[in-house]
Each structure stands twice: as C-alpha cells, then as structure tokens.
Amino acid sequence: MYFQAIKTAGLAHVSYVLGSQGEALVVDPRRDVGVYLDVLRSQGLRLRYVLQTHRQEDFVQGAAELARLTGAQVVAGKHPITGHAGLQVGEHERLHLGGLTLVTLHTPGHTPESTSWAVYLDAHHALAWGVFTGDALFAGATGRTDLEDPERTLENAARLYDALHQKVLPLGDQALVLPAHGAGSVCGADIADREPTTLGFERHHNPVFTLSRGDFIQHKVRERLPRPSYFSRMEEVNLRGGIPLSPESAAIPFLSPSGFQRALQCGVVLDAREPEAFAAGHIAGSLNVWLKGLPVFGGQVVARPLTPLFLVLPELADPGEAVLALARVGLDEVQGVLSGGFSAWRNAGLPVERGGTLTPEELFAHSEDFQTLDVRELSEFEQGHIPDARHVYVGELDERLPRLGLRPDLPVAVTCSVGHRAGLAVSILLSHGFARVSNLLGGMTAWRRLELPVREGPPPASEARPPEAPETVEPAPPR
C-alpha cells in the first residue's frame, strides 16, 4: 500500500493519495493538480478515483481537472448537489482499489452531503485502517455547523453528533482519522495541531466524544465563527467540480516601479510583507495581507474575483507561490508583481505612505490617548481583551466601520493575536482616511505576557451584532 498526505500552506488543507497494487485514488484535491500527477508518476500508479468528501468552502477543488487529465472517475456521496460526480455512491456502498476496500458513510452536519470513507485492508477486513472524514471530524474538533444556514446550526450540530457516534466511532480505536484540514483552518474552531491522530485518541480528547449530546450541541452553537465572504463563491465553483488553472496563470508579469505605478490605478495592491515592514513604508492604498495569509485574507478583501491584482512581495519570496496561493481561492487576475520589491519603489523616489506601531507598554501608558480596536474573532475577544477596546472581525471591518464610532481625527491602536490581522486592519483604516493608525506589535500575546490588564466577556451591546444563534432546543435523537 502507498499513502501520502499533501498539505497546502496558508489554507491548512490536506489531500491524500492512496494506492494499492498499481491503482490509486486521490481525496479532495486542490486546484493545482500537478503535485498529484507527479506522485502518481513517481510511484507508477494509475488513478482510478477522485474522491470528494464534500463541497469545499475555502478553496477551489481540482477534482474535475484531475479526472480529465487521467481518465479517473470523480466519486461523491449520493446527494442532489453532487450531480457533477461521475459516480455517486450511497450509504455503505463499497469501492475496491487493489487490495483495499472503501465503505461510504454519510456524515452530514458540516454540509448536507458530507461523506466519510472508511478504508479496510482486504487482508484485515474486520478492522478499519483509517477513515477520510473531510470536514466532519478534525483532530480535537469537528467541522463548523453554521455554513448551510446559521439558523440551522443547532439542527446540524445534532446531525453531526449522531453521524460521528453511530457511523465513525464504531470503526474502532485503531482507525486513523484523515481529515481535509488541520490547525489554522477556517472550516472549524480550535482544530488541534497534532497529526496523525486516531479514533482512539479522539474518543478521549475530542468534544464530540467527551461531551454529552446536549452539551456538544451548545458547544457548536457558541462557536460563532466568522464566515469569510469568499466561501459562497468557492461553494458555487466546487459544485461543478472546480475549475482548472489557465495556462496564463504560470506567467508572472514583473513590472518596474514606474510601470507598477501606472498599472495599479485600475486594481488592488496586496502588500505581502510583515506588518512592521508595511508600517515603515508602503504604497498608498495598498492592503497589508501577509504572505501566509494571502489565500484566506486575500479571498476576503478582494470582493470581486476579476479584480486586477498587483503584488508587493517580501525579499526572497517565491512569486510563483504567491500567485498560486491566490489562484487556489479563485483569484486569477494577478497583473503585476513589483520587480525588486518595495526597496525598488523606495529607491525610485516614488510616494511612500507610513503607518504606526506601538508596544504594549506604550499603549498601556497612554491608553487614554487611543481608540483601541481588536480585530480578532469574537470568541478570541471574549476570552480576554484590552479594557475599553472596540471589536470587529478584520474580515468585516470594511462593512462595519461606519457603525464602530471611530473618529478618523483621533489616534487608533489596532490589535489581534500577534500583529498580522492588525496589519491588514491598519491598511484598511488608512485607505478610509484614518491618518494616525498604529499596529500593536505582539498583539494580545505580548500584552498577556507582560501581565497587563485584561477583561473577559463580549463587546458592549452597542457594538455586538444581532444574535444569530437559534433557540437552544435540543432535537430528539433519530430512532
């Protein structure tokens, strides 16, 4: 048997290649499918199946393109929205691959069509070797249950609990858990940074198995994760099996500083440097999306997929990887990379805008002089924030800015966990005419380490969003 997990940086996405007796399948491939073709060639494997655990929300899938290039079948669970698949399989149906057997398990809750695939070695057919769980079950967590409809979060949490207990847990403690995402993914809350993991370990440590059914449902209702704006676009694309990369995406257009200055008038500049570098000097109007955050936060701040994009990259960064990171969330319109980076712009004497920075001690000593804005997720804010801080998630800052009551003529201090999301927020505020905006370097991590005052709880009622959680009535378990 051959097995390889393939990770996608920036998205915390994991896909898999599984082979036996010269045949192979790929689970949840990303858009740039060359990595799978390379593995198949190097191992002498013929691809028979491309398995989809569910429609993915955070990246463009490569299922249709990989199937087209190899002649493999796209396989998905039997559901009305999986019509793009060449083969739809129902509950407990089997797929055979060399000396392996895969059994379909419908595990809804994250999405209605979510399907897990239990893998059995034919020589040990009584015990599952592993299970591809998609976004149903992660290390230390489960997939979010609000994506289909926030009003059905409770109902979906109940479905997910029942499916995992009735169908996945009985596979046995020895089974490997093979999810579609790892720590840092926006598809679940508090995903643990451990891999691999097993059902036995999860049985003792995962809330879906350690909490009662009612407590787990309330746990999911309380998550209240932000829903990135590009998720809807990804779902729509992936219901068709994804879209292939265009040949032009490999061509990276490098522009001189003067050419970059002329071109950027019709698009959006993404500056992928660290927030300290951005604060020291940047192109006016550019958005500071750090390199590893390009897929998720680039997808959030670029509202329209056909928007022309221009990149300012850190020294030694791979331009091809930066362009590809955006393409993985459907942003294909990179029309220029600043040749020589920001230092070339600076050396050309072109206009430079600056932001500000603060240390925790400086903000604490002069807190009365600043409007403090926390741009982390709401659950992070509630677990501890700077007293008197306002709150908005960075992905919603552009939309909710008018309701925050911030005065553009007064200094603003922006914080997150360490400074990256705050850097993006600083750039957004600058683009809206806020003249004195500073990034709290080290964020709440440094603030806590210095044992400065922290307040727990939600933001003031005037800032809080209307409650979206449904009434906490526990559905009856299925008979």
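Calculation notes
Residues numbered from 1 in each chain as written. Predicted model: local features only at pLDDT ≥ 70, side-chain atom pairs only at ≥ 80, totals over all residues. Heavy atoms only, no water. Helix = DSSP H or I, 4+ residues; strand = E, 2+ residues; numbered from the N terminus. Rg over C-alpha atoms; globule rule 2.2 N^0.38 Å. Buried < 20%, exposed > 50% of the residue type's maximum accessible area, 1.4 Å probe, protein only. Contact = heavy atoms within 4.5 Å. Pairing = 2+ DSSP bridges. Axes fitted to C-alpha atoms, helices over the stretch in contact; angles between N-to-C directions. Parallel < 35°, antiparallel > 145°, perpendicular 65-115°, else oblique. Left-handed = near helix turned anticlockwise from the far one by under 90°. Nonpolar A, V, L, I, M, F, W, Y, C, P; charged D, E, K, R; others polar. pLDDT = per-residue confidence, 0-100. Phe/Tyr/Trp six-rings, centres within 6.5 Å; stacked < 30°, edge-to-face > 60°. Lys NZ or Arg CZ within 6 Å of the ring centre and 35° of its normal.

Caption draft 1: Looking closely at the overall build of the protein chain. The helix and strand tally for the protein chain stands at 17 helices and 24 strands. Rg of the C-alpha trace for the protein chain: 24 Å, near the compact-globule value of 23 Å for 479 residues, within the 12% margin. Along the first, second and third principal axes, the C-alpha atoms of the protein chain reach 70 × 50 × 35 Å. Evaluated residue by residue, the protein chain yields a buried proportion of 55% over its 479 residues. Contacts in the protein chain between residues at least 24 apart in sequence constitute 68% of all its contacts with a sequence separation of at least 6.

Caption draft 2: Structural detail: the sheet that holds strand 6 (residues 87-89). If you trace the six strands from one edge of the open sheet to the other, you get 1-2-3-4-5-6, paired in mixed fashion. Lying at the two open borders of the sheet, with one neighbouring strand each, are strand 1 (2-8) and strand 6. Across the sheet, the mean angle from the axis of one strand to that of its neighbour is 25°, orientation sign disregarded. Inspection of the sheet shows strand 5 (residues 73-77) paired to strand 6 by three bridges, in the parallel sense. Opposite valine 75, over in strand 6, you have leucine 87 as the bridge partner. In this fold helix 1 (residues 34-43) packs onto strand 1, strand 2 (13-20), strand 3 (23-27) and strand 4 (46-51), with an angle of close to 160° to the strand it touches most, strand 1. Against the sheet, helix 2 (residues 63-70) makes contact with strand 3, strand 4 and strand 5, and its axis sits at roughly 160° relative to strand 4, the strand it touches most.

Caption draft 3: Just helix 10 (residues 294-301), in detail. Along helix 10, seven of the eight residues are buried, which leaves the element largely enclosed by surrounding structure. Looking at helix 10, one finds that the buried residues are Leu294, Pro295, Val296, Phe297, Gly298, Gly299 and Gln300. Where the residues of helix 10 are buried, they touch helix 7 (231-238), strand 16 (268-271), helix 11 (319-327) and helix 16 (420-431).

Caption draft 4: Broad picture of the packing of helix 10 against helix 11. Contact geometry of helix 10 with helix 11 gives a least axis separation of 8 Å together with a crossing angle of 55°. Between helix 10 and helix 11, the angle is such that the two are oblique. Of the two possible hands of crossing, helix 10 and helix 11 adopt the one that is right-handed. Facing Leu294, Pro295 and Gly298 of helix 10, the residues of helix 11 in contact are Ala322, Ala325 and Leu326. Tallied by class, residues from the contact of helix 10 with helix 11 come to five nonpolar, one polar and no charged.

Caption draft 5: Broad picture of the sheet that holds strand 18 (residues 309-312). The five strands lie next to each other as 15-19-18-16-17, forming an open sheet whose pairing is parallel. Since the sheet does not close on itself, it has two edges, and those belong to strand 15 (254-255) and strand 17 (287-288), each with one partner. Of the strand pairs in this sheet, strand 16 and strand 18 are connected by four bridges, and their pairing is parallel. Residue pairing in the sheet places leucine 270 in a bridge with leucine 311 of strand 18. Taken strand by strand, helix 11 contacts strand 15, strand 16, strand 18 and strand 19 (334-338), and its axis lies near 140° from that of strand 18.

Caption draft 6: Examining the confidence of the model for the protein chain more closely. Per-residue pLDDT for the protein chain has a mean of 93; in total, 95% of the residues score no lower than 70. Segment residues 466-479: pLDDT under 50, and 25 contacts once partners within four positions in sequence are set aside and those in other chains are kept.

Caption draft 7: Highlighting the environment of glycine 355. Tracing the backbone shows glycine 355 in the loop between helix 12 (341-347) and strand 20 (356-358). Between the alpha carbons of glycine 355 and glycine 423 there is a distance of 9.2 Å; along the sequence they are 68 residues apart. Residues contacting glycine 355, with those up to four places away along its chain left out, are Ala279, His282, Leu430 and Val437.

Caption draft 8: Up close: the pairing of strand 19. Counting buried residues in strand 19 gives four out of five residues, a clear majority hidden from the surface. With two bridges joining them, strand 15 and strand 19 adopt parallel strand pairing. The residue bridging phenylalanine 254 from the neighbouring strand is valine 337, located in strand 19. With three bridges joining them, strand 18 and strand 19 adopt parallel strand pairing. Of the residues in strand 19, the one forming a bridge with leucine 311 is valine 337.

Caption draft 9: The packing of aromatic side chains, seen in detail. Under the definition given, this model contains nine aromatic pairs. Measuring from ring centre to ring centre gives 5.8 Å for phenylalanine 3 and tyrosine 16, while their planes differ by 20°; the resulting arrangement is stacked. Taken together, the residues span a long stretch of sequence, with phenylalanine 3 in strand 1 and tyrosine 16 in strand 2 at a distance of 13 residues. Judged by relative accessible area, which is 30%, phenylalanine 3 ranks as partly exposed. Ring geometry for phenylalanine 364 versus tryptophan 447: centroids 6.3 Å apart, planes at 80°, classification edge-to-face. Of this pair, phenylalanine 364 sits in helix 13 (residues 360-365) while tryptophan 447 sits in helix 17 (residues 443-449), and the two are 83 residues apart along the sequence. Arginine 273 extends its terminal NZ or CZ atom over the ring of phenylalanine 342, reaching a point 4.4 Å from the ring centre.

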